[in-house]
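Close look at the chain arrangement
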Amino acid sequence: MASNGDSNASAKPPPEPSPLRKAKFFQANMRILVTGGAGFIGSHLVDRLMQNEKNEVIVVDNYFTGSKDNLKQWFGHPRFELIRHDVTEPLLVEVDQIYHLACPASPIFYKYNPVKTIKTNVIGTLNMLGLAKRVGARILLTSTSEVYGDPLVHPQDESYWGNVNPIGVRSCYDEGKRVAETLMFDYHRQHGIEIRIARIFNTYGPRMNIDDGRVVSNFIAQAIRDEPLTVQLPGTQTRSFCYVSDMVDGLIRLMEGDNTGPINIGNPGEFTMLELAENVKELINPDVQIITVENTPDDPRQRKPDITKAKSLLGWEPTIKLSDGIPLMEDDFRSRLGISRKK
Ligand SMILES: NC(=O)c1ccc[n+]([C@@H]2O[C@H](COP(=O)([O-])OP(=O)(O)OC[C@H]3O[C@@H](n4cnc5c(N)ncnc54)[C@H](O)[C@@H]3O)[C@@H](O)[C@H]2O)c1
Ligand SMILES: O=C(O)[C@H]1O[C@H](OP(=O)(O)OP(=O)(O)OC[C@H]2O[C@@H](n3ccc(=O)[nH]c3=O)[C@H](O)[C@@H]2O)[C@H](O)[C@@H](O)[C@@H]1O
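Small disclaimer: the values here were computed from a predicted structure and weren't measured.

Remarks on the domain arrangement of the protein
- Entries for the protein in the domain assignment read domain 1 (29–204 + 243–265) and domain 2 (215–238 + 269–303 + 320–335).
- On a C-alpha basis, the centres of domain 1 and domain 2 stand 26 Å from each other.
- Between domain 1 and domain 2, the contact holds 18 residues from the first and 18 residues from the second.
- Counting each side, the surface lost to burial between domain 1 and domain 2 is near 1,500 Å², with a carbon and sulfur contribution of 50%.
- At the junction of domain 1 with domain 2, the criterion picks out three salt bridges.
- Aspartate 150 is the partner of arginine 301 in a salt bridge, and the nearest nitrogen-oxygen pair spans 2.6 Å.
- Joining domain 1 to domain 2, the criterion identifies seven residue pairs in polar contact (both at pLDDT 80 or more).
- Of the residues in the side of domain 1 that touches domain 2, the class split is five nonpolar, eight polar and five charged.

Structure representation (structure tokens):
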């Protein structure tokens, strides 16, 4: 039985998986559902899952922030299926594992339609838990460091309950994810569902939307286009940036391991936004200007994961440092923007 590393919270055994899983001559693949699989992290996760020829991957996505383009390498593949579907509606598929990522992640997108963001987090997670219960699937939720709000404890470990504004403009996302975590544990305790919760810290890499609005994609696109890097005030706020391949590795280890979580997955290297801008300037365009602009309400002032649990329970730690990850992302952005390096 899985544990959260501290105690065994489950009251019931998990539901039986499909009888096919125990069939003597069963040859078929592990069927894996990835919600939000057309998005940034989801599409990289799909690439990794598809490398294992025992996996069949089903993606559902409503394309709000994701794109079919991120998955075009798998179109027509016999082990791959893509369904346009909104997770706020029930879904009937027969699967063994569910990676539940569907949710807009960039603040400008999750604040665009906050009621829909809440519905996606609450009703969407409820629907995916209902599916997990019906078919006996293991389900992993991609929660967020935003459950810690504007943290008063630094770095953040999983035992910290957070400092979250329940009525602010970010609440649709951070409170939404907190309720999603609650639902996961209630289904685990009440129905024995096998759950996994990853608390993801800021992740970056190729395939982020160029106009995504998140800080790394903004700075890289601005540096390539020779536009000033917009550091939101005060500029001393910190974030810790994890390269997407490390993130995907952590998510798969969590899914395959024996611990429910929540487990922080992120890179503990901590940077102020001014330092990040200086790094991007140095690596991509030493002539670019750095300017300060107004910030948005409730922006967390500091963020850095304590990854002791990920190290000890998953044997995971990040391998790619920011100065190596930024050039990899620059290559992708340059090819999509059609702007080559200056000679
Ligand atoms: N990238 C990060 O730094 C980060 C940090 C913490 C948590 N997360 C979580 O990881 C997950 C993926 O984030 P991402 O950065 O890849 O974001 P993303 O916006 O690129 O991907 C989210 C995907 O979900 C889809 N989606 C949104 N609402 C949906 C709905 N109602 N029904 C079906 N599909 C829907 C979008 O179209 C998109 O393809 C999200 O759950 C996010 O909260 C990401
Ligand atoms: O890791 C997480 O848990 C969360 O991190 C991000 O949220 P946030 O850290 O606010 O992401 P950004 O919008 O990239 O902002 C990071 C910092 O950069 C600053 N920023 C942003 C954009 C910009 O152009 N300039 C700038 O200085 C912001 O003020 C903020 O302090 C993600 O977008 C969430 O989906 C995710 O859940």
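What to know about the site of ligand 2
- Around ligand 2, 25 residues are found, and the nearest of them are Ala105, Thr144, Ser145, Thr230 and Arg239.
- The separation between an oxygen atom of ligand 2 and a polar side-chain atom of serine 145 is 2.4 Å.
- Within the backbone of asparagine 202, an N or O atom sits 2.7 Å from an oxygen atom of ligand 2.
- Elements with a contribution of two residues or more to the shell around ligand 2: helix H5 (215–224) and strand E8 (229–232).

So, the sheet that holds strand E4 (residues 97–100)
- With parallel pairing, the seven strands of this open sheet are ordered in space as E3-E2-E1-E4-E5-E6-E11. Bordering the open sheet on either side are strand E3 (80–84) and strand E11 (263–265), each of which pairs with just one other strand. Geometrically, the sheet is characterised by an average inter-axis angle of 20 degrees between neighbouring strands, direction not taken into account.
- Pairing of strand E2 (residues 55–61) with E3 involves five bridges; the strand directions are parallel. Across the sheet, residue valine 57 finds its bridge partner in E3, namely phenylalanine 80.
- Seen against the sheet, helix H4 (residues 171–191) touches strand E5 (138–144) and strand E6 (195–200) and runs at an angle of roughly 155 degrees to E5.
- With respect to the sheet, helix H6 (residues 244–256) is in contact with E4, E5, E6 and E11, its orientation differing from that of E6 by roughly 155 degrees.

A look at the pairing of E6
- For E6, the tally of buried residues reaches six of six residues, placing the bulk of the element in the interior.
- Each parallel crossover has a hand, and the one from E5 via H4 to E6 is right-handed.
- Relative to E11, E6 runs parallel, the two sharing three bridges. Looking across to E11, one finds that arginine 199 is bridged to asparagine 264.

Observations regarding the pattern of salt bridges
- One pass over the full model with this rule turns up 22 salt bridges.
- Across the pair arginine 178 and glutamate 175 runs a salt bridge, and its minimum N-O distance is 3.4 Å. A residue pair is termed a helical-turn pair when its members lie 3 or 4 positions apart in one helix, as arginine 178 and glutamate 175 do in helix H4 at three residues.
- A relative accessible area of 28% places arginine 178 in the partly exposed class.
- Arginine 253 serves as the salt-bridge partner of aspartate 249, at 3.5 Å between the closest nitrogen and oxygen. With a gap of four residues between them, aspartate 249 and arginine 253 both fall in helix H6, about one helical turn apart.
- Residue classification places aspartate 249 among the partly exposed positions, given a relative accessible area of 25%.
- Through salt bridges that share partners, Glu146, Arg170, Arg239, Asp299 and Arg303 make up one connected network.

Quick notes on the environment of aspartate 287
- Among the secondary structure elements, aspartate 287 is positioned in the loop between helix H7 (273–284) and strand E13 (290–293).
- A relative accessible area of 67% places aspartate 287 in the exposed class.
- Distance from aspartate 287 to proline 228, taken between C-alpha atoms, is 9.7 Å for residues 59 residues apart in sequence.

Here's the deal with the site of ligand 1
- Surrounding ligand 1, one finds 29 residues, the nearest of these being Asp61, Thr65, Leu101, Tyr173 and Thr203.
- Between ligand 1 and threonine 120 there is a distance of 3.2 Å, counted from a nitrogen atom to a side-chain nitrogen or oxygen.
- Between threonine 203 and ligand 1, the recorded distance is 2.8 Å, taken from a backbone N or O atom to an oxygen atom.
- For ligand 1, whose accessible area on its own is 820 Å², the fraction buried by protein is 97%.
- Only helix H1 (40–50), E5 and H4 provide two or more residues apiece to the shell around ligand 1.
- At three residues, E5 tops the list of elements feeding residues into the shell around ligand 1.
- Considered class by class, the residues forming the shell around ligand 1 number 13 nonpolar, twelve polar and four charged.

Reading the values: rules and limits
Residues numbered from 1 in each chain as written. Chains lettered and ligands numbered in written order. Predicted model: local features only at pLDDT ≥ 70, side-chain atom pairs only at ≥ 80, totals over all residues. Heavy atoms only, no water. Domains from an automatic or database assignment. Contact = heavy atoms within 4.5 Å. Buried area = accessible area lost by both parts, 1.4 Å probe. Salt bridge = Lys/Arg side-chain N within 4 Å of Asp/Glu carboxyl O. Polar contact = N/O pair within 3.5 Å; in protein donor to acceptor, adjacent residues only side chain to side chain. Nonpolar A, V, L, I, M, F, W, Y, C, P; charged D, E, K, R; others polar. Near = heavy atom within 4 Å. Helix = DSSP H or I, 4+ residues; strand = E, 2+ residues; numbered from the N terminus. Pairing = 2+ DSSP bridges. Axes fitted to C-alpha atoms, helices over the stretch in contact; angles between N-to-C directions. Buried < 20%, exposed > 50% of the residue type's maximum accessible area, 1.4 Å probe, protein only. Right-handed = clockwise from strand over helix to strand, strands pointing away. Areas by Shrake-Rupley, 256 points an atom, 1.4 Å probe, with all protein chains shown as cover.

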